[in-house]
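Letter by letter, the chains look like this.
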Amino acid sequence: MADEALFEFLHMEIVSHIYKEQQSGKAEMDNKDRAVCVSVLEGMGFRVGQGLIERLTRDSPSFKDELDIMKFICKDFWTKVFRRQVDNLRTNHQGTYVLQDNKFAMLTQLSSGKQYLDQAPKYLAFSCGVVRGALSNLGMESVVTAEVSVMPSCKFQVVIQKL
Amino acid sequence: MNKQSNSELFTLTYGALVTQLCKDYENDEEVNKQLDKMGYNIGVRLIEDFLARSSIGRCQDFRETADVIAKVAFKMYLGITPSVTNWSPAGDEFSLILESNPLVDFVELPDNHSTLIYSNLLCGVLRGALEMVQMAVDVKFVQDTLRGDNVTEIRMKFIKRIEENVPAGDE
């Protein structure tokens, strides 16, 4: 039973490590470097999301439709992974969903308010991957992005890819 | 239910980290080193969280330190209580025996990673945390269930007391 704080410290160190390694030797990171970091973190999250959803849905009945799946993500999955439910779910009923979490777990260790806003994306990449991985295992390919306007409130945008 | 879920998140994330490091570095030795470094960076911060939540005062000696690590710290962070055994005659070395290791649930080492110390992060965490309370220690795995041993055994050796005011840097 791993403690929450331990996970948060691990996550922060993983982010720190990835960025340090990418920067290594250079005076500054450019946008390409940052994109690589985000991609690596997102990829790690993806595998974790797949693993988590597999365990969670092992004994569950199948889902009615896309919206049913998204509600499951917002309630059961979010609670399992981020220790609370999504506060608000919106959709255009055409494959785009916006999930709002007003006290996002990965951001609580960072300062509240506007101070570290530019740092926030680093700490969201992994979680975006987790959500994308979960959806992928449920048969939905998606693009997941996140934005923060005021810490620790966070909005995830999920765009389902129709194949 | 929530605690259990977090354990899976932690275990899977740790697994993803080890996988990534194996991709990024050429050999197991390098991966082991990175895990230790990262553990150290976590440890130097985790100790504050630990001291704040456990209200443990300063330990009188290394034996007390060992008990606190096994009975309080491991319990708090990993939900397990390793046993403290195999004390050296000088009282400066002991072993932590872990019957189970949450980091390795569902993990199997692939064949080409025979020298990988999968849980090496833990050694770094312990080393970093103790450095912040003025103790220089050497920490290493001597047995590992992942490598076929019956138990997982971590050996801790007290090196020396550190003077206060040594700045802690990230490694």
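Residues numbered from 1 in each chain as written. Chains lettered and ligands numbered in written order. Predicted model: local features only at pLDDT ≥ 70, side-chain atom pairs only at ≥ 80, totals over all residues. Heavy atoms only, no water.

Peer 1: Help me understand the interface of chain B and chain A, please; the structure alone is not making it clear to me.
Peer 2: Accessible area lost upon the coming together of the parts is a frequently used measure of interface size. If you look at the interface, chain B gives 34 residues, while chain A gives 27 residues. Across the chain B-chain A interface, the total number found is two salt bridges. As a salt-bridge pair, E8(B) and K80(A) come within 2.9 Å of each other at their nearest N and O atoms. Between chain B and chain A we count five residue pairs in polar contact (both at pLDDT 80 or more) in total. If you list the elements that add at least two residues to the side of chain B that touches chain A, you get α1 (2-24), α2 (28-54) and α3 (62-78) of chain B. Tallying contributions element by element places α1(B) first for the side of chain B that touches chain A, with 17 residues. Within the side of chain B that touches chain A, the residues separate by chemical class into 16 nonpolar, 10 polar and eight charged. (Contact = heavy atoms within 4.5 Å. Salt bridge = Lys/Arg side-chain N within 4 Å of Asp/Glu carboxyl O. Polar contact = N/O pair within 3.5 Å; in protein donor to acceptor, adjacent residues only side chain to side chain. Helix = DSSP H or I, 4+ residues; strand = E, 2+ residues; numbered from the N terminus. Nonpolar A, V, L, I, M, F, W, Y, C, P; charged D, E, K, R; others polar.)

Peer 1: I'm lost on the nonpolar core in this one. Help?
Peer 2: Note that soluble globular proteins tend to have their nonpolar side chains buried in a common cluster. Residues I73(A), L99(A), L107(A), L17(B) and M156(B) are the most contacted members of the largest nonpolar core, which totals 102 residues. By residue number, the principal contributor to this core is α3(B), which donates 10 residues. Ignoring any residue separated from it by four or fewer positions in sequence, one finds L99(A) in contact with M70(A), I73(A), C74(A), W78(A), V86(A), N88(A), L89(A), C154(A), K155(A), F156(A) and V158(A). (Core = buried A, V, L, I, M, F, W, Y, C linked by side-chain atoms within 4.5 Å. Buried < 20%, exposed > 50% of the residue type's maximum accessible area, 1.4 Å probe, protein only.)

Peer 1: I would appreciate a short explanation of the pattern of salt bridges in the present structure.
Peer 2: Opposite charge on two side chains permits them to pair, given that their charged atoms come into close proximity. Across all of its chains, the model carries 16 salt bridges over all chains by this definition. Between D3(A) and R53(B) there is a salt bridge, and its shortest N-O distance comes to 2.9 Å. Separated into two different chains, D3(A) in the segment before α1 (4-23) and R53(B) in helix α2 make up a pair that spans both. For D3(A), a relative accessible area of 6% translates into the label buried. When its relative accessible area of 40% is taken as the criterion, R53(B) is described as partly exposed. Of the charged contacts in the structure, one is a salt bridge between R83(A) and E4(A), with a shortest N-O distance of 3.6 Å. Highlighted residues: R83(A) in the loop between α3 (66-82) and β1 (88-91) and E4(A) in helix α1, separated in sequence by 79 residues. Residue E4(A) is classed as partly exposed on the basis of its relative accessible area, which comes to 34%.

Peer 1: Help me understand the sheet that holds strand β1 (residues 83-85) of chain B in this model?
Peer 2: Backbone-to-backbone hydrogen bonds join strands into a sheet, with any given pair of strands oriented parallel or antiparallel. All names here are of chain B. The four strands lie next to each other as β1-β2-β4-β3, forming an open sheet whose pairing is antiparallel. Two strands in the sheet have a free side with no partner beyond their single neighbour: β1 and β3 (135-143). Taking the axes of each pair of neighbouring strands and ignoring which way they run, one obtains an average angle of 25 degrees across the sheet. Relative to strand β4 (residues 152-161), strand β2 (residues 93-98) is paired through six bridges, and the arrangement is antiparallel. Bridge pairing in β4 links F94 to M156. Relative to the sheet, helix α4 (residues 121-131) contacts β3 and β4, its axis offset from that of β3 by approximately 165 degrees. (Pairing = 2+ DSSP bridges. Axes fitted to C-alpha atoms, helices over the stretch in contact; angles between N-to-C directions.)

Peer 1: Sorry if this is basic, but what is going on with the environment of W87(B) here?
Peer 2: Residues and elements named next belong to chain B. Residue position: W87 is located in the loop between β1 and β2. Separated by 70 residues in sequence, W87 and K157 place their C-alpha atoms 9.8 Å apart. Apart from the residues lying within four places of it in its own chain, the contact partners of W87 are F62, R63, A66, E93 and F94.

Peer 1: What should I look at first to understand the pairing of β2(B) in this one?
Peer 2: Looking along a regular strand, one sees side chains alternate from face to face of the sheet. Residue and element names in this part refer to chain B. In terms of burial, β2 is a largely internal element, five of the six residues being buried. With three bridges connecting them, β1 and β2 associate as antiparallel partners. Directly across from T85, in β2, lies its bridge partner S95.

Peer 1: Is there a simple way to think about α1(A) in this case?
Peer 2: Each full turn of the α-helix corresponds to 3.6 residues, which orients residues three or four apart in the same direction. Residues and elements named next belong to chain A. For α1, with 20 residues, the first-to-last C-alpha span of 29 Å sits near the 28 Å given by 1.5 Å per residue. At the N-terminal end of α1, a side-chain oxygen is found 2.8 Å from the backbone nitrogen of A5, two or three residues along, and the residue is D3. Immediately beyond the C-terminal end of α1, within one or two residues, lies G25, with a positive phi of roughly 90 degrees. (Expected span 1.5 Å × (residues − 1).)

Peer 1: For this particular structure, what's the right way to read the sheet that holds strand β3 (residues 142-148) of chain A?
Peer 2: Residues and elements named next belong to chain A. Strand order in the open sheet made by the four strands is β1-β2-β4-β3, with antiparallel pairing throughout. Single-partner strands in this sheet number two, and they are β1 and β3. Sheet twist, expressed as the mean angle between neighbouring strand axes with direction ignored, is 15 degrees. Sheet topology note: the β3/strand β4 (residues 154-160) ladder contains seven bridges and is antiparallel. From the neighbouring strand, S142 faces β4, where its bridge partner is I160.

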